[in-house]
Amino acid sequence: MERLLIRGGRPLEGEIRISGAKNAALPVMAATLLADGPMTVGNIPHLHDITTTMELLGRMGVELTVHERMQVEVDASTIKSFRAPYELVKTMRASILVLGPLLARFGRAEVSLPGGCAIGSRPVNLHVEGLRAMGAEITIEDGYIKGRAERLHGARLRMEVSTVTGTENLMMAAALARGTTVIENAAREPEVVDLARCLNGMGGRVEGAGTSTLVIEGVDRLHGIEYSVLPDRIETGTYLTAVAMCGGRVKVKDTQPALLEVVIDKLREAGAVVETGADWIELTMTGRPRAVSITTAPYPGFPTDMQAQFCALDAIGIGAGDVVEKVFENRFMHCLEMQRMGADIHIDGQTAHIRGVDRLTAAPVMATDLRASASLVLAGLVADGETRVDRIYHIDRGYECIEEKLAQLGADIRRLPE
Ligand code: EPU
């Protein structure tokens, strides 16, 4: 298995470009199933999760053409299978996003239940309940969600918890349903807004994106368009946190500062000087950061996908910080690995109490999810000695060319082949 070798201790300087958002690209790729003509999706990041999505669509018989600079043309008119098999869904839970579009457009779907996850139980009950309320007949058999529908109809859906892919799945289904669907307590994440914008470009009628109530007027058909997904706010935040930890000055370009306000506020609280422009953020850091306390929450709260990176920052911060994880039940695996690098972290239920230490020391580490792995890379960038991060296929699921981007900023990092 490939691994990353990182020799810590260098400041980061320079400029990097932020890729398209994984968590926006995945639902938009699923939305191509709704279009009655070819659709081109641009600013697609070159990531393992995207390859998995392309494989999933390809196996259904959908025609895919990759153009220059990761523009993907998708034509769903050739579809002949409506099944998302376990072997793909188990590597990428977001495969569940095809459920709503398949039922809405083709009236049938068989999607494997995703099963266990390294960061918590992550059920999909709200996706299923919402589709049932819209008229789909759904059974759970042989580990699969099996659904049938004539034409879905609008419904009033009250989400018990705010769910990002749940909202996206139901929004896509409602876009082609007969009548009006109202989703209450909808997720407000920018990626949900991006999907709504895409659907509206395709001829859909989605209102209220970015608020907690979505009103979706179903239409009879949606057409293909050229759509470019929004920049990755979590990738942006990860690199900014790296600079706040390592020191230096870095400008991240092709991003959207407005999507990262709470993260930028926390980086400022940690002592970073942050300047922003229309599509760039520059962070300057001298000396050690101050440890900060954070509590994760659905957008516009502090993102759970930035929690692990802030644990790494606190681990070398001045003072102490409490990191409270409120979105997922078991998302502190990285803390146990950081302890092996000398971090002073005490986990008590959903809270990690972190007392910053002067220095971390290198160790072989690995993690079981994407953001946890990224946080270990950040810890490696400041640790004494050579850190080896194993199981980096997690990182490749969500960070485009992480070692190239960090090396471009002066980090001593390289990938070792299998
Ligand atoms: N939940 C339920 N029932 C459901 C659905 C969700 O109880 O039917 C609960 C979950 O167990 C969790 C909470 O709702 O406690 C929120 O989960 P959500 O459904 O919002 O998560 P998700 O849609 O599965 C997306 C991102 C995650 C990100 C979360 C939270 C994608 C493809 N994934 O997951 O991204 O952490 O929202 O913001 O958009 C990542 O990129 O590393 C990642 C894990």
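Residues numbered from 1 in each chain as written. Predicted model: local features only at pLDDT ≥ 70, side-chain atom pairs only at ≥ 80, totals over all residues. Heavy atoms only, no water.

Trainee: Residues and numbers for the site of the ligand, please.
Mentor: Neighbouring residues of the ligand: 21 residues in total, closest Leu126, Thr163, Thr165, Asp305 and Val327. One nitrogen or oxygen atom from the main chain of valine 164 is found 2.8 Å from an oxygen atom belonging to the ligand. In this structure, threonine 165 approaches the ligand through a side-chain N or O atom, which is 2.6 Å from an oxygen atom. When the ligand sits alone it has 840 Å² of accessible area, and the protein chains cover 85% of it. Of all the secondary structure elements, the ones that give two or more residues to the shell around the ligand are helix H1 (22-31), helix H5 (125-133), helix H6 (164-175) and helix H12 (370-382). (Near = heavy atom within 4 Å. Polar contact = N/O pair within 3.5 Å; in protein donor to acceptor, adjacent residues only side chain to side chain. Areas by Shrake-Rupley, 256 points an atom, 1.4 Å probe, with all protein chains shown as cover. Helix = DSSP H or I, 4+ residues; strand = E, 2+ residues; numbered from the N terminus.)

Trainee: For H12, give the residues involved together with the corresponding values.
Mentor: Burial of H12 is extensive: 13 of the 13 residues sit out of reach of the surface. For H12, the N-terminal cap is aspartate 369; the gap from its side-chain oxygen to the backbone nitrogen of arginine 371 is 3.3 Å. (Buried < 20%, exposed > 50% of the residue type's maximum accessible area, 1.4 Å probe, protein only.)

Trainee: So, the nonpolar core: which residues are in play, and what are the values?
Mentor: In terms of nonpolar packing, the biggest core is built from 81 residues, with Leu152 and Leu199 touching the most fellow members. In terms of residues, this core owes the most to one element, H1, which gives 7 residues. Once residues lying within four places of it in the same chain are set aside, the contact partners of leucine 199 are Ala31, Leu34, Met171, Met172, Ala175, Gly204, Val206 and Leu222. Residues Ala244, Leu313, Leu360 and Ala367 belong to the second largest nonpolar core, which totals 68 residues. (Core = buried A, V, L, I, M, F, W, Y, C linked by side-chain atoms within 4.5 Å. Contact = heavy atoms within 4.5 Å.)

Trainee: Tell me about the pattern of salt bridges, and please be specific about residues and values.
Mentor: Using the criterion set out here, one finds 29 salt bridges in the structure. One salt bridge connects lysine 253 with glutamate 15, and the closest N-O pair in it is separated by 3.0 Å. Of the two residues, lysine 253 sits in strand E15 (residues 248-253) while glutamate 15 sits in strand E2 (residues 12-17), which places them 238 residues apart along the sequence. The partly exposed category is assigned to glutamate 15, whose relative accessible area is 38%. With its nearest N and O atoms 2.2 Å apart, the salt bridge here joins glutamate 184 to arginine 156. In this pair, glutamate 184 sits in strand E11 (residues 180-184) while arginine 156 sits in strand E10 (residues 156-158), placing the two residues 28 residues apart along the sequence. (Salt bridge = Lys/Arg side-chain N within 4 Å of Asp/Glu carboxyl O.)

Trainee: Help me get a handle on the packing of H1 against helix H2 (residues 48-59), residues and values and all.
Mentor: Interaxial distance between H1 and H2 falls to 10 Å at its minimum, and their mutual angle equals 5 degrees. Of the possible angle classes, the one that applies to H1 and H2 is roughly parallel. Residue-level inspection shows Lys22, Ala25, Leu26 and Met29 of H1 in contact with H2, the latter providing Asp49, Ile50, Thr53, Met54 and Leu57. Split by residue class, the contact of H1 with H2 holds 6 nonpolar, 1 polar and 2 charged. (Axes fitted to C-alpha atoms, helices over the stretch in contact; angles between N-to-C directions. Parallel < 35°, antiparallel > 145°, perpendicular 65-115°, else oblique. Nonpolar A, V, L, I, M, F, W, Y, C, P; charged D, E, K, R; others polar.)

Trainee: A description of the sheet that holds strand E16 (residues 273-276) should follow, citing residues and the corresponding values.
Mentor: Read across the open sheet, the 4 strands follow the order E2-E15-E17-E16; overall the sheet is mixed. Looking at which strands have only one partner, the edges of the open sheet turn out to be E2 and E16. Neighbouring strand axes in the sheet, compared pairwise and without regard to direction, differ in orientation by 10 degrees on average. (Pairing = 2+ DSSP bridges.)

Trainee: For the packing of aromatic side chains, give the residues involved together with the corresponding values.
Mentor: Taken as a whole, this structure holds 2 aromatic pairs when the rule is applied. Ring centres 5.4 Å apart and planes at 45 degrees place the aromatic pair phenylalanine 82 and phenylalanine 106 in the tilted group. Residue phenylalanine 82 is found in the loop between strand E5 (71-75) and strand E6 (83-84), and its partner phenylalanine 106 is found in helix H4 (residues 99-106); the two are separated by 24 residues along the sequence. Where phenylalanine 302 meets phenylalanine 310, the ring centres are 5.0 Å apart and the plane angle is 80 degrees; that geometry is what we call edge-to-face. (Phe/Tyr/Trp six-rings, centres within 6.5 Å; stacked < 30°, edge-to-face > 60°.)

Trainee: Describe the pairing of strand E17 (residues 280-285), with residues and values.
Mentor: Of all 6 residues that make up E17, 5 are buried, and the element is covered over most of its length. In terms of strand pairing, E15 meets E17 through 6 bridges, oriented antiparallel. Along E17, the bridge assignment pairs valine 252 with isoleucine 281. Two strands pair when backbone bridges link them, and E16 and E17 are joined in this way by 4 bridges, in the antiparallel orientation. Each bridged residue has a counterpart across the sheet, and for valine 273 the counterpart in E17 is threonine 284. Two successive antiparallel strands, E16 and E17, enclose a turn made up of 3 residues.

Trainee: Describe H2, naming the residues involved and giving the relevant values.
Mentor: For H2, spanning 12 residues, the distance from its first C-alpha to its last is 16 Å, which sits close to the expected 16 Å at 1.5 Å a residue. Looking at the packing, one finds that the buried side of H2 touches H1, strand E4 (63-67), E5, E6, helix H3 (86-89) and helix H13 (393-398). Positive phi shows up at glycine 61, right after H2, with a value of about 100 degrees. (Expected span 1.5 Å × (residues − 1).)

Trainee: Kindly report on the sheet that holds strand E12 (residues 205-207), identifying the contributing residues and their values.
Mentor: Pairing within the open sheet is mixed, and its 4 strands lie in the order E10-E11-E13-E12. Since the sheet does not close on itself, it has two edges, and those belong to E10 and E12, each with one partner. Each neighbouring strand pair of the sheet contributes to a mean axis angle of 15 degrees, computed without reference to strand direction. Pairing geometry for E11 and strand E13 (residues 213-217), over 5 bridges, is antiparallel. Bridge pairing links threonine 181 to isoleucine 216 in E13.

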